[in-house]
Amino acid sequence: MFKLPIGLLLIQILLLSNYQTPTNKSPHRLEILFLGHNSEHHSSSLPAELLSRELFAEGINTTYTEQITDLNKDNLKNYDGLVLYANYDSITNEQATALLDFVHEGKAFIPIHCASYCFRNNDAVVDLIGGQFLSHHLDSFAMTIVQPNHPAIKGLAAFSTFDETYVHDKFSKEITVLTERVEGQHHEPYTWVRNYGKGRVFYTAYGHDERTWKNLGFLHLLKNGVLWALGDEAAKKLQQLNLPTLSFTPANIPNYEKVSPPPQLQAPLSPEQSMQLTQLPIGFEMKLFAAEPDVVKPIYMDWDERGRLWVIETVDYPNSVKENKNEGNDRIKILEDTDGDGKADKFTIFADKLNLPTSFTFANGGIIVSQAPYFLFLKDTNGDDKADKRDTLITGWGTFDTHAGPSNLRYGFDNKIWGVVGYSGFKGLAGKKDTLTFSQGIYQLNPDGKNLQYLGKTSNNTWGLGFSEEFDVFTSTANNTHSAFYGIPKSDLDRVSGIPEPGIKKIDGHYAMHSVTQQLRQVDVQGGFTAAAGHGLYTARSFPQQYWNRVAFVCEPTGRVIHNAIMEKDGAGFKEKDGWNLLASSDNWFGPVQAQVGPDGAVWVADWYNFIIQHNPTPIGFENGKGNAYINPLRDKTRGRVYRIVYTGSKTGDIKSLDKNNLPQLINALSNDNLFWRMTAQRLLVESGNTTVLPALYELINNKELDIIGLNAPAIHALWTLHGLKALDGKNKTAIAIATAALKHPAAGVRKAAINVLPATASIAQALVSAGVFKDPDLRVRLAAVLKSASLPAVNILGSQLFEMLKDEKNSHDYWISKAIFIASAKQQQGFMEAYTALLKTDKNRLQHDSLLQRILLRGTLKGNTKILSANKSVAIGKADKVIVIRTIKNAMKYDKPLIQVKAGTVVQIRFENIDFMQHNLLILKPGSLEKVGAATDIMAQDAKNLNANYIPKMPEVLFYTPLINPDGKFILKFKVPSIKGKYPFICSFPGHWRIMQGVMEVE
């Protein structure tokens, strides 16, 4: 939603010092900088979002920042106005000068509420604000308008609100009071304006919390105030914008959020009109590459080694499921820009008569296509860019839900094909005889379709996968997990019992999705991420440095945004921080489903462009089709767009095409600054099978230089290319020596890669210990070393090393490393126990309180994960008088028993079974408390940390509860029924579910 200035949050997304002010004088949207702060008191994130929505419709973009350092001349020159809503006690002289000059030269300043207590160390700035906060209470009060004809007030109806009752002092003589707060005989100035040089200042004391910020009268006041402060010239610019007028007509549209009036159908816009309703960071441009009729319903895209864009078009989605897959209406098309003007002008149908393909990746001279129930291999054998070879690689992918099948196929660093799948899952042959069954999560297979492996389970329907430049793996799912980290393969977790946690961990650090329109239709996780897709990181060098290998692009088509998910290291894993958006639109048809770095370093966007995005559950009054999506004639089949997001003035890539037969060119491409070209070159080198390139690869690995963000990407790719060429199978001593030496490379990503590519032989154990990787300063390297030791033969030195790791609390307290040690110590048990025994002889008390050590020592005595929760844990409640089984209903967000009857004072055991494809729980509440508890869960949903509390409010109205249960999970809830008769509601408290997922326990 917001533009991203230098100091967005803590990471400074843009280097605006490198931004060149556009010379284009054509009408353009105005720019507001909103300076907030990271504090629970007067939290500024929600106010910024609400204000931005009001202003965006007027043609004004809002950029959010929490860095006071953004108050500098170079940054402020990019904006037409500054909003201040924060608690900053002081301001430097340089910052004060920049602010004062900014306003004096004709720009707008809008301090709101607590802003009147900012910058008290500078009298000139206090005078600019117009007054200073002195004291307050809390109360409800009405607005008194004293200047009804002022443009900032004209047409505004006086409103009442519950807010802080500000009292001010140090009033400027230059202010004109517009509204007052009247208390008895006291008339407190509450909204005022003033001129300062050529600029204008608008201040209001309203705005303590959301009770005021969600007051429509207050938002009207703010919008008026901003428009007035921007001035007459700005108003003329807005009039010249000629923004498209949105027209709406009544239609049968699901009203998931139960808004009044119900949603209406917006008329579609042309690509040019749609772009006018789209916001990007300052310094970025949105360029159209292709649109209907040349491309329709683009669901996935990728580029070949010639830099040409390939797109899947699927008009069959979601319900045109064909029994004969060769009779489909979908196709894969090659789009080329032959004249270099930045737009596609040549369109070639590579393959047609497909049915519901979802993704593809290049391999072995063709492409592997995910088209449930099977994967296809399509290849052009005669050079006409049309597939004349069509083979089935693997079959068994579920087809009962078309938005829950396999997707996001990608060629990985390890020369495997990676992908994700939703709850439609897989059931088939993974080898010649072995049957493999799994549901939603991450998987991989060989490029020839063999050796399918299930890598990790996600908690929900999955449509997102991304790799960092160091081969860190991330994913996103629907329903409130827009960012997750893959840390431990399922094959390692399966080595032992006693680790119930999956190898994929939810890491998103926030709930809110920052949209620029209120006209959203979301089934659940309303206001958050309910259809997250993508997670492609920025892995080129055309964007500012703060994006490099750090910002992932998560598409949320229901919110019309592409989110900047900031990946920050957190021990051996990662955590996500809110980077707001790369792109946001108020066009209700705009539907970004993929955002990926292209060969040119730009971010390319596949716009599904459809008013109907939702798939299921089926709304009241609708029916499901064969694809398990509700039938809606408004689903568009004719539109679609592909855009490029480019940074102004950035350099273009030096590679336009690669030749698979030009080995020197491919070696050089391993050092390109764009991951796309490096990965493409690696794939072509591996596919060539030509080992004459080994010396060149050795040279790349031996290079110890680091780039400015501490990476050596060429060495990582060279190691994995060695691995793909089978030079590390143990026979090539030189290759083994080179890879072993890389265990001490100055780049952590290279050390991690070296651990993973070395063969699993006993001789490698000593090399790992000698290199010090178990004590590596980068915990991701330690994690790789520990997991490697789980696959190596049992060697005492490894067991001893694992035991030594327990002496460092960084290891035993780390989410990932602690689990890895638990796993690896089972394989390296003898060496581990010998080290433990040796310690007991010298220091019996050392590590005696280490919980991880105790778990390892108790290995084998751990029982299953069936849990029992008592209503009163201190009292034994005895044998159950009644056992009730309650299950979820697939795709319906309902319990199979909406009514259960129990007797007062008896002991009841509820066996809760979640057979749905997302997480659910069950809370039993006091009679009459449904709305109160539901409102509390809505508040909890706004903070991602509340996942740890299973979104269960701590309040007396919640009597009994289960935790969140993953798909296919079970839980036993045992409690004593209250003695008071009545109807006790029960709900699921997962974000957004409680309004739909309800039942009643009737106590007789």
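Given the structure is predicted, the values throughout are model-derived calculations rather than measurements. (Residues numbered from 1 in each chain as written. Predicted model: local features only at pLDDT ≥ 70, side-chain atom pairs only at ≥ 80, totals over all residues. Heavy atoms only, no water.)

> Provide a residue-level description of the overall build of the chain, including the pertinent values.
Scanning the chain from N- to C-terminus turns up 23 helices and 51 strands. Taking 2.2 N^0.38 as the reference for a compact globule, 1004 residues should give roughly 30 Å; the C-alpha atoms of the chain span a radius of gyration of 30 Å, in line with that estimate. Taken along its principal axes, the extent of the C-alpha atoms in the chain is 90 × 80 × 65 Å. By the burial criterion, 62% of the 1004 residues in the chain qualify as buried. If you take every contact in the chain between residues at least 6 apart in sequence, the share linking residues at least 24 apart comes to 67%. If you sum the accessible surface of the chain, you get close to 38800 Å²; carbon and sulfur atoms cover 50% of it. Computed over 106 positive and 101 negative side-chain charges, the separation of the two mean positions in the chain equals 7 Å. (Helix = DSSP H or I, 4+ residues; strand = E, 2+ residues; numbered from the N terminus. Rg over C-alpha atoms; globule rule 2.2 N^0.38 Å. Buried < 20%, exposed > 50% of the residue type's maximum accessible area, 1.4 Å probe, protein only. Contact = heavy atoms within 4.5 Å. Areas by Shrake-Rupley, 256 points an atom, 1.4 Å probe, with all protein chains shown as cover. Lys, Arg positive; Asp, Glu negative; His and termini not counted. Charge placed at Lys NZ, Arg CZ, Asp CG, Glu CD.)

> How would you summarise the sheet that holds strand E47 (residues 923–925) if you had to cite specific residues and measurements?
Reading across the sheet, the five strands line up as E45-E51-E50-E47-E48 and stay open at both edges, with mixed pairing between neighbours. Strands at the two margins of the open sheet, each flanked by one partner only, are strand E45 (899–902) and strand E48 (958–961). Neighbour to neighbour, the strand axes of the sheet diverge by 25 degrees on average, direction disregarded. Note: strand E50 (residues 982–987) against strand E51 (residues 998–1003), six bridges, orientation antiparallel. Note on E51: the bridge partner recorded for Tyr984 is Met1001. Strands E47, E48, E50 and E51 of the sheet are contacted by helix H23 (residues 930–941), whose axis makes an angle of about 20 degrees with E50. (Pairing = 2+ DSSP bridges. Axes fitted to C-alpha atoms, helices over the stretch in contact; angles between N-to-C directions.)

> Go over unusual backbone geometry, please, and point to the residues and values.
Here Ala372 and Pro373 are connected by a cis peptide whose omega angle stands at 15 degrees. Residue Asn616 is joined to Pro617 through a cis peptide bond whose omega torsion reads 5 degrees. Looking at the secondary structure, you find Pro617 in the loop between strand E40 (603–607) and strand E41 (641–647). Of note, His113 is a non-glycine position whose phi angle comes to about 50 degrees, a positive value. Within the secondary structure layout, His113 lies in the loop between strand E4 (108–111) and helix H4 (123–129). Under the relative-accessibility criterion, His113 is labelled buried at 0%.

> Requested: an account of the nonpolar core, with residues and values cited.
Counting residues in each nonpolar core, the largest one holds 171 residues, and the members touching the most others are Trp397 and Phe774. Setting aside chain neighbours within four positions, we find Trp397 in contact with Ala372, Pro373, Tyr374, Phe375, Pro406, Val421, Gly425, Phe426, Phe438, Tyr443 and Leu452. Core analysis: the next-biggest nonpolar cluster, separate from the first, contains 71 residues, Ala86, Ile91, Phe133 and Phe218 among them. (Core = buried A, V, L, I, M, F, W, Y, C linked by side-chain atoms within 4.5 Å.)

> Just give me the short version of the pattern of salt bridges, but keep the residues and values in it.
Inspection of every chain in the model, using the stated rule, returns 46 salt bridges. For Asp127, the salt bridge identified is with Arg194, shortest N-O distance 3.1 Å. Of the two residues, Asp127 sits in helix H4 while Arg194 sits in strand E11 (residues 186–196), which places them 67 residues apart along the sequence. With a closest N to O distance of 3.8 Å, Asp232 and Arg200 form a salt bridge. Of this pair, Asp232 sits in helix H7 (residues 232–240) while Arg200 sits in strand E12 (residues 199–204), and the two are 32 residues apart along the sequence. The class for Arg200 is buried, based on a relative accessible area of 19%. Residues joined in a network through salt bridges with shared partners are Glu470, Asp472, Lys569, Lys752, Asp778 and Arg780. (Salt bridge = Lys/Arg side-chain N within 4 Å of Asp/Glu carboxyl O.)

> Which residues make up the sheet that holds strand E29 (residues 441–445), and what are the values?
A sheet is described by the order of its strands in space; here four strands give the open sequence E25-E26-E29-E30, paired in antiparallel fashion. Looking along the sheet, the strands with just one partner apiece sit at the ends: strand E25 (406–411) and strand E30 (453–457). Strand-to-strand twist across the sheet, computed as the mean angle between neighbouring axes with direction ignored, equals 20 degrees. The sheet contact formed by strand E26 (residues 417–421) and E29 spans five bridges and is antiparallel. The partner of Gly419 across the bridge, within E29, is Tyr443.

> Account for the side chain of Thr402, naming residues and giving values.
For Thr402, the position within the fold is in the loop between strand E24 (389–395) and E25. The buried category is assigned to Thr402, whose relative accessible area is 11%. A polar contact of 2.8 Å, which involves the side chain of Thr402, links it to the backbone oxygen of Pro318. The contacts of Thr402, once residues within four sequence positions are left out, are Tyr317, Pro318, Val321, Leu356, His615 and Gly627. (Polar contact = N/O pair within 3.5 Å; in protein donor to acceptor, adjacent residues only side chain to side chain.)

> Would you mind going over the packing of helix H13 (residues 713–724) against helix H15 (residues 748–757) in detail, with residue names and values included?
Working note: a packed helix pair is described by the angle between its axes plus the distance between those axes. Their axes nearest at 9 Å, the elements H13 and H15 cross at an angle of 10 degrees. Overall, the two elements H13 and H15 adopt an arrangement that is roughly parallel. Contact with H13, carried on its side by Ala715, Ile716, Leu719, Trp720 and His723, involves Gly749, Val750, Ala753, Ala754, Asn756 and Val757 of H15 and no other residues of that element. Across the contact of H13 with H15, the residue classes break down as eight nonpolar, three polar and no charged. (Parallel < 35°, antiparallel > 145°, perpendicular 65-115°, else oblique. Nonpolar A, V, L, I, M, F, W, Y, C, P; charged D, E, K, R; others polar.)

> Before we move on, could you go through the packing of aromatic side chains and cite the residues and values that matter?
Enumeration according to the criterion identifies 62 aromatic pairs in this entry. Considering the side-chain rings of Tyr85 and Trp213, the 5.4 Å spacing of their centres and the 80 degrees angle between planes classify their relative orientation as edge-to-face. With a gap of 128 residues between them, Tyr85 in the loop between strand E3 (81–84) and helix H3 (93–104) and Trp213 in helix H5 (residues 210–213) connect regions that are remote in the sequence. A ring pair is formed by Trp397 and Tyr443, whose centres lie 4.8 Å apart and whose planes are at 45 degrees; its orientation type is tilted. Within this pair, whereas Trp397 is found in the loop between E24 and E25, its partner Tyr443 is found in strand E29, the two being separated by 46 residues in sequence. Considered together, Trp397 and Tyr443 belong to a single accessibility category, that of buried residues. Counting every residue linked through ring pairs, the aromatic cluster contains Tyr85, Phe141, Phe159, Tyr190, Tyr206, Trp213 and Phe218. One residue, Arg521, lies across the ring of Phe611, its end atom 3.8 Å from the ring centre. (Phe/Tyr/Trp six-rings, centres within 6.5 Å; stacked < 30°, edge-to-face > 60°. Lys NZ or Arg CZ within 6 Å of the ring centre and 35° of its normal.)

> Can you explain the environment of Ile952? Please cite residues and give values.
Mapping Ile952 onto the fold places it in the loop between H23 and E48. Ile952 gets classed as buried once you look at its relative accessible area, which sits at 9%. Setting aside chain neighbours within four positions, we find Ile952 in contact with Asn921, Leu923, Met940, Val958, Tyr961, Thr962, Pro963 and Ser989.

> Outline the packing of helix H12 (residues 694–702) against H13, supporting the account with residue identities and numerical values.
Where H12 meets H13, the axes come as close as 8 Å, and the angle between the chain directions of the two elements is 140 degrees. Helix-helix and strand crossings are classified by hand; for H12 and H13 the assignment is left-handed. On the side of H12, the interface is formed by Leu694, Leu697, Tyr698, Leu700 and Ile701, while H13 contributes Pro714, Ala715, Ala718, Leu719, Thr721 and Leu722. The class makeup of the residues in the contact of H12 with H13 is 10 nonpolar, one polar and no charged. (Left-handed = near helix turned anticlockwise from the far one by under 90°.)

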